[in-house]
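# Report on the structure
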Amino acid sequence: MPSKTFAGKTVDVDNEGFLVNHEDWTEEMAPEIAKEEGIDNLTEGHWKVIRFIRKDYQETGQIPTIRRMKNAGGIPTNELYELFPQGPAKKSAKVAGFGKPQGCV
Amino acid sequence: MSDSKSEAIKKVSIVVSKGSLEGVYPGLIMANGARMEGIEANLFFTFFGLDAIIKKRMNKLKVATVGNPAMHIPSVLGIIPGMSAFATSKMMKEMDKLDIPPVGEFIEMVYDAGTKLYACKATVDMFHLSIDDFCEQTDSIINVGKFYEIAAGGQIIFT
């Protein structure tokens, strides 16, 4: 299994660079994962998304859909697309330390 | 990524021509899915598909229970009053579990995701409609020629 080092910590990742174990994730790793996705600077807006994904997973056992981020997380869809361009669900999940989302919406 | 020889799709223009619930959702799911993958998406609503963006109708679309063999009920039962409403509410409940929104909210979602929505001019004229009849997310009323212009360089999907 491939591995990668973020913020000095080596973790297992899948072929597309998603963390295999979300427990391996730390906040310090997020900016470095984001850089791989072309996001050079994590703003407060990005952190709001990341924290909501982490929290929602703790509470529901699933990462939230884009709709849930809007309705339960108060993150407008157009903002999410601006924060994580060219793939908001995938990229936000990746930066938050989760696997690739499997749903269709 | 799975096949480096195939070029990635960059743009899709999806025609929604049917006004039943099951006729409208596939186009919306495909447009939304395209945007989620960073693919440019256009939706062109024509004929009864226009109901999906008509303010007064968009949240009242129903599943067809007659002439729909995949419903697995005889058409003669499908004509019973309330049957379509019943099937619709059951399907909506299942979709809500998957976080698939009702049509009005879905239109808002695909629009916020950057999809452009267009109404077909021929149908608008035929049904004596105007731009005021459509939801605010509707970009404009366009003819077929304009549609092809907008769709240029991408894939066209007819549903």
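First things first, this report covers the structure right here in the doc.

Now for helix α6 (residues 144-151) of chain B. Residues and elements named next belong to chain B. Within α6 the residues assigned to the buried category are Phe147, Ile150 and Ala151. The buried side chains of α6 occupy one side of the element, clustering within an arc of 95° when seen end-on. Opposite the buried face of α6, by more than 90 degrees, sit the exposed residues Tyr148 and Glu149. Considering only its buried residues, α6 is in contact with β1 (11-16), β2 (40-45), β3 (116-120), β4 (138-142) and β5 (155-158). Just downstream of α6 lies Gly153, where phi reads positive at about 85°.

All names here are of chain B. End to end, helix α3 (residues 83-97) covers 22 Å across 15 residues, agreeing with the expected 21 Å (1.5 Å per residue, within 8%). The set of residues buried in α3 consists of Ala87, Thr88 and Met95. Buried residues of α3 fall within an arc of 100° about the axis and therefore sit on the same side. Residues of α3 that are exposed and point over 90 degrees away from its buried face: Phe86, Lys90, Lys93 and Lys97. On its buried side, α3 packs onto α1 (21-36).

Taken residue by residue, the interface counts 18 residues in chain B and 17 residues in chain A. Here chain B meets chain A over a buried area of about 1,500 Å², counting both sides, of which 55% is carbon and sulfur. At the boundary of chain B with chain A, the tally comes to five salt bridges. Across the contact surface, chain B and chain A share seven residue pairs in polar contact (both at pLDDT 80 or more).

Here the focus is the side chain of Glu105 of chain B. Note that Glu105 of chain B resides in helix α4 (residues 103-112). Judged by relative accessible area, Glu105 of chain B falls into the buried class, the value being 18%. Polar side-chain contacts of Glu105 of chain B include one of 3.1 Å to the side chain of Lys70 of chain A.

Our focus in this paragraph is the environment of Phe44 of chain B. All names here are of chain B. Among the secondary structure elements, Phe44 is positioned in strand β2. Of the residues examined, Phe44 reaches a relative accessible area of 6% and is grouped as buried. Separated by 73 residues in sequence, Phe44 and Leu117 place their C-alpha atoms 6.1 Å apart. In this structure, Phe44 is in contact with Ile14, Val15, Val16, Tyr118, Ala119, Cys120, Ile142 and Phe147, ignoring residues within four places of it in sequence.

About the criteria used
Residues numbered from 1 in each chain as written. Chains lettered and ligands numbered in written order. Predicted model: local features only at pLDDT ≥ 70, side-chain atom pairs only at ≥ 80, totals over all residues. Heavy atoms only, no water. Buried < 20%, exposed > 50% of the residue type's maximum accessible area, 1.4 Å probe, protein only. Helix = DSSP H or I, 4+ residues; strand = E, 2+ residues; numbered from the N terminus. Arc of directions from axis to C-beta. Contact = heavy atoms within 4.5 Å. Expected span 1.5 Å × (residues − 1). Buried area = accessible area lost by both parts, 1.4 Å probe. Salt bridge = Lys/Arg side-chain N within 4 Å of Asp/Glu carboxyl O. Polar contact = N/O pair within 3.5 Å; in protein donor to acceptor, adjacent residues only side chain to side chain.

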